[in-house]
Amino acid sequence: MSDATTANPGEHKSKETSVTPGQTEVSFRLWARDDFKTGIWEVTPGEFKSTRPGYDEICQILSGSGTITEPDGTSFEIGPGTLFVTPAGWEGRWTIRETVRKMWVVKDVE
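Let me sum up the structure you'll find in this document. (Residues numbered from 1 in each chain as written. Predicted model: local features only at pLDDT ≥ 70, side-chain atom pairs only at ≥ 80, totals over all residues. Heavy atoms only, no water.)

Here the phi dihedral of Asp-34 falls at roughly 50°; this positive angle occurs in a residue that is not glycine. Relative to the elements of secondary structure, Asp-34 occurs in the loop between strand S2 (24-33) and strand S3 (36-43). Given the relative accessible area of 75%, Asp-34 is considered exposed. (Helix = DSSP H or I, 4+ residues; strand = E, 2+ residues; numbered from the N terminus. Buried < 20%, exposed > 50% of the residue type's maximum accessible area, 1.4 Å probe, protein only.)

In structure tokens:
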């Protein structure tokens, strides 16, 4: 992929875990081998719940902005350049202000 910030990731579909009507997402898998995968993901403005059942994920935000809030109430801002990990078992809430695109790397855990 020559430019992950502008490549067409495909057709957006309804975000299943959204609490905001009309929020959509798309995920494009660029590469996979066994229990290791990478690609890009995009989500439109709104709020949704998120979990990591059985996999660790490394995320690099390419564009957009939002806030991620963890169950204990701590939160952090995300925007271009933000890098973070959501380990297996993680859960939280994402509030997207401007369409977010991220590069992701996922590793399934046993």
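Let's shift gears to a nonpolar patch on the surface. Taken together, the side chains of Met-1, Phe-28, Leu-30, Trp-31 and Phe-36 make up a nonpolar region of the molecular surface, amounting to roughly 450 Å² of accessible area. With three residues, S2 is the largest single contributor of residues to the nonpolar patch. Relative to the elements of secondary structure, Phe-28 occurs in strand S2. (Patch = residues over 30% accessible without salt bridge, like charges linked within 9 Å, V, L, I, M, F, W, Y side chains within 5 Å. Areas by Shrake-Rupley, 256 points an atom, 1.4 Å probe, with all protein chains shown as cover. Salt bridge = Lys/Arg side-chain N within 4 Å of Asp/Glu carboxyl O.)

A word on the pairing of S2. The pairing of strand S1 (residues 13-14) with S2 spans two bridges and is antiparallel. Looking at S2, one finds that Lys-13 is bridged to Glu-25. Taking the residues between adjacent antiparallel strands as the criterion, S2 and S3 are bridged by two residues, where Asp-34 takes a positive phi near 50°. (Pairing = 2+ DSSP bridges.)

So, on to the environment of Phe-28. For Phe-28, a relative accessible area of 30% corresponds to the partly exposed category. Counting along the chain gives 20 residues from Phe-28 to Asn-8, while the straight-line C-alpha distance between them is 8.8 Å. Those residues in contact with Phe-28 that lie beyond four places of it in its chain are Met-1, Pro-9, Thr-38, Gly-39, Ile-40 and Trp-104. (Contact = heavy atoms within 4.5 Å.)

Next up on the list: the packing of aromatic side chains. Within the structure shown, the criterion is met by six aromatic pairs. Where Trp-31 meets Phe-36, the ring centres are 5.6 Å apart and the plane angle is 75°; that geometry is what we call edge-to-face. With relative accessibility at 35%, the residue Phe-36 sits in the partly exposed group. Seen from their ring centres, Phe-48 and Trp-94 are 5.5 Å apart, and the 20° between their planes marks the pair as stacked. Pair noted here: Phe-48 is in strand S4 (residues 46-51) and Trp-94 is in strand S8 (residues 91-108), with a separation of 46 residues, a long-range link. For the residue pair Phe-48 and Trp-94, the accessibility class agrees, reading buried in each case. (Phe/Tyr/Trp six-rings, centres within 6.5 Å; stacked < 30°, edge-to-face > 60°.)

To continue, consider the nonpolar core. In terms of nonpolar packing, the biggest core is built from 14 residues, with Trp-41, Ile-78, Phe-84, Trp-94 and Val-100 touching the most fellow members. Only S3, strand S5 (55-69) and S8 provide two or more residues apiece to this core. Looking at this core element by element, the count peaks at five residues for S8. Beyond its immediate chain neighbours, meaning those up to four positions away, Trp-94 contacts Trp-41, Gly-46, Glu-47, Phe-48, Ser-50, Arg-52, Thr-67, Ile-68, Ile-78, Phe-84 and Lys-102. (Core = buried A, V, L, I, M, F, W, Y, C linked by side-chain atoms within 4.5 Å.)

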